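In case you want the letters, here they are:
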Amino acid sequence: MAKAQSFAEKAAKAGKLKYKKCPKCDNMMEPYLVVTGELSPSGTWKFNQRRVKVCKCNEKEVFA
Ligand SMILES: [Zn+2]
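Residues numbered from 1 in each chain as written. Predicted model: local features only at pLDDT ≥ 70, side-chain atom pairs only at ≥ 80, totals over all residues.

How should I be thinking about the overall build of the protein chain in this particular structure?
In terms of helices and strands, the protein chain carries two helices and three strands. In sequence order, the secondary structure elements of the protein chain are arranged as α-β-β-β-α. Of the contacts formed within the protein chain by residues at least 6 apart in sequence, a portion of 36% connects residues at least 24 apart. (Helix = DSSP H or I, 4+ residues; strand = E, 2+ residues; numbered from the N terminus. Contact = placed C-beta atoms within 7 Å.)

Looking at this model, I keep getting lost on the sheet that holds strand β1 (residues 20-21). Mind explaining?
In a beta sheet, neighbouring strands pair by backbone hydrogen bonds and run either parallel or antiparallel. The strand order across the open sheet built from three strands is β1-β2-β3, with neighbouring strands paired in antiparallel fashion. The outermost strands of the open sheet, each flanked by one partner alone, are β1 and β3 (45-54). Relative to strand β2 (residues 28-39), β1 runs antiparallel, the two sharing two bridges. Looking at the pairing, Lys 21 lines up with Met 28 of β2. (Pairing = 2+ DSSP bridges.)

So what exactly am I meant to see when it comes to the confidence of the model for the protein chain here?
In the predicted model, the protein chain carries a mean pLDDT of 84, and the fraction of residues at 70 or more is 81%. By mean pLDDT, the top-scoring element of the protein chain is β3 (92), and the lowest-scoring one is helix α1 (residues 2-18) (67). (pLDDT = per-residue confidence, 0-100.)

Please clarify how the environment of Phe 47 should be interpreted in this entry.
Residue placement: Phe 47 occurs in strand β3. Setting aside residues no more than four positions away along its own chain, Phe 47 makes contact with Val 35 and Gly 37.

I'm lost on unusual backbone geometry in this one. Help?
Phi is mostly negative for residues that are not glycine, and the peptide bonds are mostly trans. With a phi close to 65°, Asp 26 is a non-glycine residue in the positive phi region. Judged by the 9 C-beta atoms lying within 10 Å of it, Asp 26 is exposed. (Buried ≥ 20, exposed ≤ 12 C-beta atoms within 10 Å, placed from the backbone.)

Could you clarify how one ought to interpret the pairing of β3 in this entry?
Looking along a regular strand, one sees side chains alternate from face to face of the sheet. When you tally the buried positions in β3, you get zero out of 10 residues, a small fraction of the element. Examined bridge by bridge, β2 and β3 share 10 bridges and lie antiparallel to one another. In the strand pairing of β3, Val 35 is matched with Gln 49. Hairpin remark: β2 followed by β3, antiparallel, with five residues in the connecting loop; positive phi at Gly 43, about 95°.

Shown next, in the form of structure tokens:
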């Protein structure tokens, strides 16, 4: 029982580190990897990756 409890506590702590609450909308901010493509003048695609934290405040902008 004690082992199961400590595991649950660790999982909860890890979850808290990964998902932070937004102070504005009070929703969880989830990290997303956004990939944008850009066509270069030579005709090849260039891809840019960036990590964004998404919550209610900016989800419409990010997934537009
Ligand atoms: Zn927010």
